[in-house]
Amino acid sequence: MATMTIAKALNEALRKSLETDPKVVLMGEDIGKLGGVFRITDGLHKDFGEQRVIDTPLAESGIVGTAIGLALRGYRPVVEIQFDGFVFPAYDQIVTQLAKMHARALGKIKLPVVIRIPYGGGIGAVEHHSESPEAYFAHTAGLKVVSPSTPQDAYWMLQQAIDSDDPVIFLEPKRRYWDKGEVDTDGIPAPLHKARTAREGTDLTLAAYGPMVKVCLEAAAAAAEEGRSLEVVDLRSLSPLDFDAVQASVEKTRRLVVVHEAPVQLGMGAEIAARITERCFYHLEAPVLRVGGFHAPYPPARVEEEYLPGLDRVLDAVDRSLAF
Amino acid sequence: MSVKSTAAKPRTPRTGTRGGAKRREGEPELVQLLTPEGERVQHSEYSIDLSPEELRGLYRDMVLTRRFDAEATSLQRQGELGLWASLLGQEAAQIGSGRATRPDDYVFPTYREHGVAWCRGVDPVNLLGMFRGVNHGGWDPNENNFHLYTIVIGSQTLHATGYAMGISKDGADSAVIAYFGDGASSQGDVAEAFTFAAVYNAPVVFFCQNNQWAISEPTEKQSRVPIYQRAAGFGFPGVRVDGNDVLAVLAVTRAALEHARSGQGPMLVEAFTYRMGAHTTSDDPTRYRLDEEREQWEHKDPILRLRSYLEKDGIADEAFFAGVEEESEALGKRVREAVRAMPDPDPMSIFENIYADGHALVDEERAQFAAYQASFADSPEGH
Ligand SMILES: Cc1ncc(C[n+]2csc(CCOP(=O)(O)OP(=O)(O)O)c2C)c(N)n1
């Protein structure tokens, strides 16, 4: 077991993939000498050279579009989008091309492209650097969407995403990049699309992913002091989503609060609430509640803490659920 | 170590022969009216005749802009700004082009056009709100015909082109200038802007500040031909100007804007310059750039260049330079105080100005959030 940050775990995962599969190539803006603006590719250009770690022109549509071509030629491109807000120039390529080609080719071609996106807020950034675009991608059939919340998951999930023959949108919770944790680099990793019980509890289930898992664990710890037992489910994968795991937890606790940074309206929480209501109608003691961003543009940094779901907003929802 | 991946020797900046550095084979000289040593030279196509007062004004503009920029950099270091994108080294490109615009022209900047904003009469303090994190813009674009800063690379070139198409439709004779970087020239949006501008003969000047770098990537990673030459493929003229020569930039941009205003369509100006500092305050150029490169460019400093011309030709005296110095101190102080006094936004402002017409969901969420906030005020232990 080694202790490392999420950033380091991702770096190690990329290194491992480059070592084990000569078809893996990394592509993105500033990922070479600079090692990416978050240094996730630090040292890889030096060790694997510019044929494997490709500094691309400043053109996201170009990056994803050519990654598709490389994949058609048998490569496994791992694309870095510099920040969440800059994935949209590539959105057309991702949604209209990458997601659909396997189906259109009657399954005869595979598109093993990973698109890594540092996402979410909480780092005091300027506009377009704090977005949570997951719903756009999860809404699109043909794409897989995952988001780790621990160094352990970062390490394994990225390698699993690269191994996958399907396109994967790999969402990296950027404000957790520097969080440390244990990483078992030898063991057998959990399946990529399985949710994980991050904390056991009996009174209510908090379902979250990426940056919000930590907030939910803190909320559960705070609630425990008041004698409430909250279960925290780390979804890990958003498409496909492990509804069975959420259902099992809700059948036990009978209450569910879904937490994410992205706006509540038509977000992941809406989907989870609807499906869990269908599956668990007779088990639920309260409507499924959602905590998330407002129907407003991500605000300037000095008010982002008000916008982002924090401990208090999660606990407020817990109170409301328990009051039913 | 080499910055350019294919070459073994260190990358030298390309500039005109007068700058003393090498040119790529087949590359025409860039337009220059003032050598790095501050000698006035003539150019067959572009000339300029400025009054002593105008010349002094350009100097003042550049010094004050640099001072403002330096102040913002230190304010970032002191934690007053979350981020700053410095224009250090690009003063001539910005002041020269900014002073070429008419009040009725419209400017579409990126996020680094602090000197152009200065020329347009935007209070520099307003530029800082976004970098402090108290707003996403902070000024009324129509007040000075200076659009909001754009972070998503290249987007504004299309807005500029559309605006210019509107000017044509209105039969007006003003022009638009769109700023972007050498990195931005790779974006699809920029190529599409070129296409639209050419097809609709839109009165827009595309002003590329080629500062040699897009964060860590040299221009070679964006283009195999000099950027100004790209215009030809779209069917409009392109010209490269010494971006550290404020006179040449002014002359060339004036001509380009006149070209646009007189119904001849778009034009691309590539201001060949250099980003002397980091990309932004979060960047670490030592990872990818050689010190010698910066040192080479320091010899071409746009402010020193104009100053030596003003001194040599007796256009300005010590009293003038001292006066500008004093003024720049005052500007620094004003900016520092104004930034420190900038309040954090009211959390309820999150719900403001999302729609012009109002929206039921926003109203609902606003009310819920207000009640939630109020619940803390009531709680005995407070929060
Ligand atoms: C669409 C998009 N992709 C990536 C970024 C991140 N980014 C910000 S500035 C920059 C480099 C820009 O270089 P250039 O266009 O040459 O302008 P400069 O900053 O050098 O003036 C990058 C990659 C962005 N803002 N927008």
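As a starting point, this report considers the structure included with it. (Residues numbered from 1 in each chain as written. Chains lettered and ligands numbered in written order. Predicted model: local features only at pLDDT ≥ 70, side-chain atom pairs only at ≥ 80, totals over all residues. Heavy atoms only, no water.)

1. Looking at the overall build of chain A
- Along its length, chain A carries 12 helices and 14 strands.
- Taken against the 2.2 N^0.38 rule, which gives 20 Å for 324 residues, the C-alpha radius of gyration of chain A at 19 Å falls within 12% of a compact globule.
- Each principal axis of the C-alpha atoms in chain A carries an extent, and together these give about 60 × 40 × 40 Å.
- For chain A, buried positions account for 58% of its 324 residues. (Helix = DSSP H or I, 4+ residues; strand = E, 2+ residues; numbered from the N terminus. Rg over C-alpha atoms; globule rule 2.2 N^0.38 Å. Buried < 20%, exposed > 50% of the residue type's maximum accessible area, 1.4 Å probe, protein only.)

2. Overview of the site of the ligand
- In the neighbourhood of the ligand, 20 residues make up the surrounding shell, with Glu60(A), Tyr111(B), Arg112(B), Gly183(B) and Trp213(B) lying closest.
- The environment around the ligand is built from residues contributed by chains A and B.
- Between the ligand and Ile153(B), the relevant distance is 3.1 Å, taken from a nitrogen atom to a main-chain nitrogen or oxygen of the residue.
- In the model, an oxygen atom of the ligand is placed 2.8 Å from a nitrogen or oxygen of the Trp213(B) main chain.
- Protein contact buries 95% of the 580 Å² of open area that the ligand shows by itself.
- A per-class count over the shell around the ligand returns 10 nonpolar, 6 polar and 4 charged. (Near = heavy atom within 4 Å. Polar contact = N/O pair within 3.5 Å; in protein donor to acceptor, adjacent residues only side chain to side chain. Areas by Shrake-Rupley, 256 points an atom, 1.4 Å probe, with all protein chains shown as cover. Nonpolar A, V, L, I, M, F, W, Y, C, P; charged D, E, K, R; others polar.)

3. Side note on the packing of aromatic side chains
- Within the structure shown, the criterion is met by 41 aromatic pairs over all chains.
- Taken together, a centroid distance of 5.4 Å and an interplanar angle of 80° make the contact between Phe281(A) and Tyr282(A) edge-to-face.
- Residue Phe281(A) is classed as exposed on the basis of its relative accessible area of 52%.
- Residues Phe196(B) and Tyr200(B) carry aromatic rings whose centres are separated by 6.0 Å and whose planes lie at 40° to one another, so their mutual orientation is tilted.
- Judged by its relative accessible area of 48%, Tyr200(B) is partly exposed.
- One aromatic cluster is present, built from ring pairs that chain together Phe294(A), Tyr298(A), Tyr307(A), Phe351(B), Phe369(B), Tyr372(B) and Phe376(B).
- The ring of Tyr75(A) carries Lys23(A) above its face, with NZ or CZ at 4.6 Å from the centroid. (Phe/Tyr/Trp six-rings, centres within 6.5 Å; stacked < 30°, edge-to-face > 60°. Lys NZ or Arg CZ within 6 Å of the ring centre and 35° of its normal.)

4. Topic: the pairing of strand 10 (residues 204-208) of chain A
Residues and elements named next belong to chain A.
- By the criterion of burial, strand 10 is predominantly enclosed, with 5 of the 5 residues buried.
- In the sheet, strand 10 pairs with strand 11 (residues 230-234) via 5 bridges, with the strands oriented parallel. Among the inter-strand pairings, alanine 207 is bridged to a residue of strand 11, identified as valine 233.
- Note that the unit made of strand 10, helix 8 (residues 212-225) and strand 11 has a crossover that is right-handed. (Pairing = 2+ DSSP bridges. Right-handed = clockwise from strand over helix to strand, strands pointing away.)

5. Points about a nonpolar patch on the surface
- Together, Phe196(B), Val199(B) and Tyr200(B) make up an exposed nonpolar region whose accessible area comes to about 320 Å².
- For Val199(B), the position within the fold is in helix 7 (residues 188-199). (Patch = residues over 30% accessible without salt bridge, like charges linked within 9 Å, V, L, I, M, F, W, Y side chains within 5 Å. Salt bridge = Lys/Arg side-chain N within 4 Å of Asp/Glu carboxyl O.)

6. What to know about the pairing of strand 3 (residues 204-210) of chain B
Residues and elements named next belong to chain B.
- Burial within strand 3 is extensive, with 7 of its 7 residues counted as buried.
- The side-chain alternation of strand 3 yields two buried faces, one formed by Val204, Phe206, Cys208 and Asn210 and the other by Val205, Phe207 and Gln209.
- Handedness of the strand 2 (residues 176-181)-helix 7-strand 3 crossover: right-handed.
- One ladder, built from 6 bridges, connects strand 3 with strand 7 (residues 267-272); its direction is parallel. Looking at the pairing, phenylalanine 206 lines up with leucine 268 of strand 7.

7. Some points on the sheet that holds strand 2 of chain B
Residues and elements named next belong to chain B.
- If you walk across this open sheet you meet the 5 strands as 1-2-3-7-6, and the pairing is parallel. Two strands bound the open sheet, and with one partner strand each, they are strand 1 (106-108) and strand 6 (238-242). Between one strand and the next, the sheet's axes are offset by a mean angle of 20°, whatever the strand orientation.
- Examined bridge by bridge, strand 6 and strand 7 share 5 bridges and lie parallel to one another. Bridging across to strand 7, valine 241 finds its partner in alanine 271.
- With respect to the sheet, helix 6 (residues 155-170) is in contact with strand 1, strand 2 and strand 3, its orientation differing from that of strand 2 by roughly 170°. (Axes fitted to C-alpha atoms, helices over the stretch in contact; angles between N-to-C directions. Contact = heavy atoms within 4.5 Å.)

8. A word on the interface of chain A and chain B
- Counting from both sides, the interface comprises 39 residues of chain A and, opposite them, 48 residues of chain B.
- Together, the buried faces of chain A and chain B total about 3600 Å²; carbon and sulfur atoms form 59% of this surface.
- Considering only the side of chain A, the residues that lose the most area to chain B are Lys33(A), Leu58(A) and Arg302(A), jointly responsible for 22% of the buried surface there.
- Here chain A and chain B share 2 salt bridges between them.
- Here Asp42(A) makes a salt bridge to Arg287(B), at a shortest N to O gap of 3.1 Å.
- Here chain A and chain B share 16 residue pairs in polar contact (both at pLDDT 80 or more) between them. (Buried area = accessible area lost by both parts, 1.4 Å probe.)

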